[in-house]
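Breakdown of the fold
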Amino acid sequence: MTNKHLSETEIQQFCFEQDTLGNSILEHVSKCELCSIKISNYKVIDEKLKNMKKESFNFDLSSMVLEQISADTSSSKFSMNVFFSFLFALMAIFIIGFAGLYVIDILKLQELFIDAFNPFIVVIALCLVIILFNYVGEVFSQHKKLIRLINTL
Amino acid sequence: MDSSDQIFQDRELVGKVLRSDTNAFARIIKATENLVAQILFKMIKNEDDRKDIAQDVYIKAYKNLSGFKFQSKLSTWIAQIAYNSCINFYHKRRTELYDDFLGSREEDDEIIRNEVADPESSDFQIEEEIQGKELKKILESEIEKLNPIYKTLITLFHNEELSYEEITSITQLPEGTVKNYLFRARKTLKTNLLKKYKEGEL
């Protein structure tokens, strides 16, 4: 058995990592009042800390997070839809436009078209209308989702 | 529940979330938000900031869930995101977390030096001198005075009863550093309690 009092580190080790200490220290503690008091103080603190009230959020975290995830998903879907509509329209302009020019060239119909009715302009206008409809449709579905969400709150 | 059961349950829940089951993610939030709250309450003082960070933690977790490798419990991984988010918050705000921290370490070193110089310094039995309820209150206020990292470590170890390994995984601090910080924090708490009593405040 050691007669030397335990250091602060050993006192804490005794309280929280007892298996790391040798027998001589354990024996000293069993016979030393000063070290026992120091140990009991840490044990009291540990016990109070263990029983301390646990903090918790005063709001519904899961609903807030799920709403945000759903909004993020919809907004990324929304931008993807607009992007693909645009891409589709652009491809349509080129395909229909070139096809139209080819047909006009073959059938020698150039004189029938004045500038205002250029097939390219017609195709572009049609594509813009498609994109606009798609956009309005998306905005409307977003709005409906939002209303549904508000109603559930 | 032992850790293999926990990891099995985690795998099942993560699988469901990856198959777009948002209810499974709600279950993950419910199961882990208390641990996240413990970290956020100790690291962040302002309630609005806490609210923003709490949401941010789970959005990050959701976005990175496919990269979770099950090397730890899901709760530990989410707690790690929470702890890192708090540290990033301090970095962004350029708040003096580290200056305070260094200051408090110097004070602690002073306390420890004094203790080493006088190993037979008179401790008295805290419980006998201070009544239970009062001691709890004083301890709570003394914890609040600690540096946020000390507060968090004390809470994770004593209140949440996490192992050193789990705390190391959450904070990404070496185990020796975690033990050293815990030692300083406990020592500061004990010394301040005894000091308060000697100064006649209790």
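Fair warning: this is a prediction, and the values are worked out from it, not measured in the lab.

1. So, the overall build of chain B
Counting its secondary structure elements, chain B contains 10 helices and 0 strands. Secondary structure elements of chain B occur, N-terminal to C-terminal, as α-α-α-α-α-α-α-α-α-α. For chain B, buried positions account for 33% of its 202 residues. Considering only contacts within chain B whose residues lie at least 6 apart along the sequence, 72% involve residues at least 24 apart.

2. Things to note about the overall build of chain A
Along its length, chain A carries 5 helices and 0 strands. Tracing chain A from N to C terminus, the helices and strands come up as α-α-α-α-α. Sorting the 153 residues of chain A into buried and exposed places 14% on the buried side. Across chain A, the fraction of contacts at a sequence separation of at least 24, relative to all contacts at a separation of at least 6, is 62%.

3. Focus on unusual backbone geometry
All names here are of chain B. Phi angles above zero are rare outside glycine, and Ser 20 is one such case at about 70°. Its place among the elements puts Ser 20 in the loop between helix H1 (3-18) and helix H2 (22-43). Judged by C-beta crowding, with 9 C-beta atoms within 10 Å, Ser 20 ranks as exposed. Residue Phe 70 is not a glycine yet carries a positive backbone phi of 60°. Using a count of 12 C-beta atoms within 10 Å as the deciding quantity, one classes Phe 70 as exposed.

4. A few points about helix H10 (residues 175-198) of chain B
Because each turn of an α-helix spans 3.6 residues, side chains separated by three or four positions end up pointing in the same direction. Helix length check: H10(B), at 24 residues, gives a terminal C-alpha distance of 34 Å against a target of 34 Å (1.5 Å per residue), a fit within 8%. Taken together, the buried positions of H10(B) are B:Val178, B:Lys179, B:Tyr181, B:Leu182, B:Arg184, B:Ala185, B:Arg186, B:Thr188, B:Leu189, B:Lys190, B:Thr191 and B:Leu193.

5. Quick look at the packing of helix H3 (residues 47-64) of chain B against helix H4 (residues 74-93) of chain B
Residues and elements named next belong to chain B. Direction vectors running N to C along H3 and H4 enclose 130°, while the axes themselves pass 9 Å from each other. Relative to H4, the element H3 lies oblique. Here H3 runs over H4; the crossing is right-handed. Across the interface between the two elements, Asp 49, Ile 53, Asp 56, Val 57, Lys 60 and Ala 61 from H3 touch Ile 78, Ile 81, Ala 82, Ser 85, Cys 86 and Phe 89 from H4.

6. Thoughts on the interface of chain A and chain B
Taken together, the contact pairs 30 residues of chain A with 37 residues of chain B. Elements supplying a minimum of two residues to the side of chain A that touches chain B: helix H1 (8-16), helix H3 (33-50) and helix H4 (61-107) of chain A. In terms of residue count, H3(A) provides more of the side of chain A that touches chain B than any other element does, 12 residues in total. Here the residues of the side of chain A that touches chain B are counted per class, giving 14 nonpolar, 9 polar and 7 charged.

7. Points about H3(A)
With 18 residues, H3(A) extends 25 Å between its outermost C-alpha atoms, agreeing within 8% with the 26 Å of an ideal straight helix rising 1.5 Å per residue. Within the span of H3(A), buried status applies to A:Cys35, A:Lys38, A:Asn41, A:Tyr42, A:Val44, A:Ile45, A:Lys48 and A:Leu49.

8. Thoughts on the domain arrangement of chain B
All names here are of chain B. Considered domain by domain, chain B is made up of domain 1 (3-93) and domain 2 (97-198). Counting residues at the interface gives 11 residues for domain 1 and 11 residues for domain 2. Of all elements in the fold, only H2 and H4 reach the threshold of two or more residues within the side of domain 1 that touches domain 2. Considering only residue class, the side of domain 1 that touches domain 2 consists of 6 nonpolar, 4 polar and 1 charged.

9. Topic: the nonpolar core
Residues B:Val36, B:Ile39, B:Leu40, B:Ala82, B:Cys86 and B:Leu153 are the most contacted members of the largest nonpolar core, which totals 54 residues. Residues within four places of B:Val36 in sequence aside, it is in contact with B:Ala54, B:Val57, B:Ile78, B:Ala79 and B:Ala82.

10. Focus: the packing of H1(B) against H2(B)
Residues and elements named next belong to chain B. Orientation of H1 relative to H2, taken along the N-to-C sense of each, is 140°, at an axis distance of 7 Å. Taken as axis vectors, H1 and H2 run oblique relative to one another. The handedness of the crossing between H1 and H2 comes out as left-handed. Here Leu 13, Lys 16 and Val 17 of H1 lie close against H2, whose contacting residues are Ala 24, Phe 25, Arg 27 and Ile 28.

11. Here we look at the environment of B:Asp5
Residue and element names in this part refer to chain B. Summarising the element assignment, Asp 5 is placed in helix H1. With 9 C-beta atoms packed within 10 Å, Asp 5 lands in the exposed category. For the pair Asp 5 and Lys 198, spaced 193 residues apart in the sequence, the C-alpha separation amounts to 50 Å.

12. Some details on the confidence of the model for chain B
Residue and element names in this part refer to chain B. Summarising the model, chain B shows a mean pLDDT of 84, and 77% of its residues fall at 70 or more. Taking the mean pLDDT of every element in chain B, the minimum, 51, falls on helix H5 (residues 97-117) and the maximum, 96, on helix H9 (residues 164-171). The ipTM, which scores confidence in the relative placement of chains, is 0.79 for this predicted complex, and the corresponding pTM is 0.72.

13. Here's the deal with the environment of A:Phe88
Relative to the elements of secondary structure, A:Phe88 occurs in helix H4. Considering only alpha carbons, one finds A:Phe88 and A:Ile130, 42 residues apart in sequence, at a separation of 9.9 Å.

Cut-offs and rules
Residues numbered from 1 in each chain as written. Chains lettered and ligands numbered in written order. Predicted model: local features only at pLDDT ≥ 70, side-chain atom pairs only at ≥ 80, totals over all residues. Helix = DSSP H or I, 4+ residues; strand = E, 2+ residues; numbered from the N terminus. Buried ≥ 20, exposed ≤ 12 C-beta atoms within 10 Å, placed from the backbone. Contact = placed C-beta atoms within 7 Å. Expected span 1.5 Å × (residues − 1). Axes fitted to C-alpha atoms, helices over the stretch in contact; angles between N-to-C directions. Parallel < 35°, antiparallel > 145°, perpendicular 65-115°, else oblique. Left-handed = near helix turned anticlockwise from the far one by under 90°. Nonpolar A, V, L, I, M, F, W, Y, C, P; charged D, E, K, R; others polar. Domains from an automatic or database assignment. Core = buried A, V, L, I, M, F, W, Y, C linked by C-beta atoms within 7 Å. pLDDT = per-residue confidence, 0-100.

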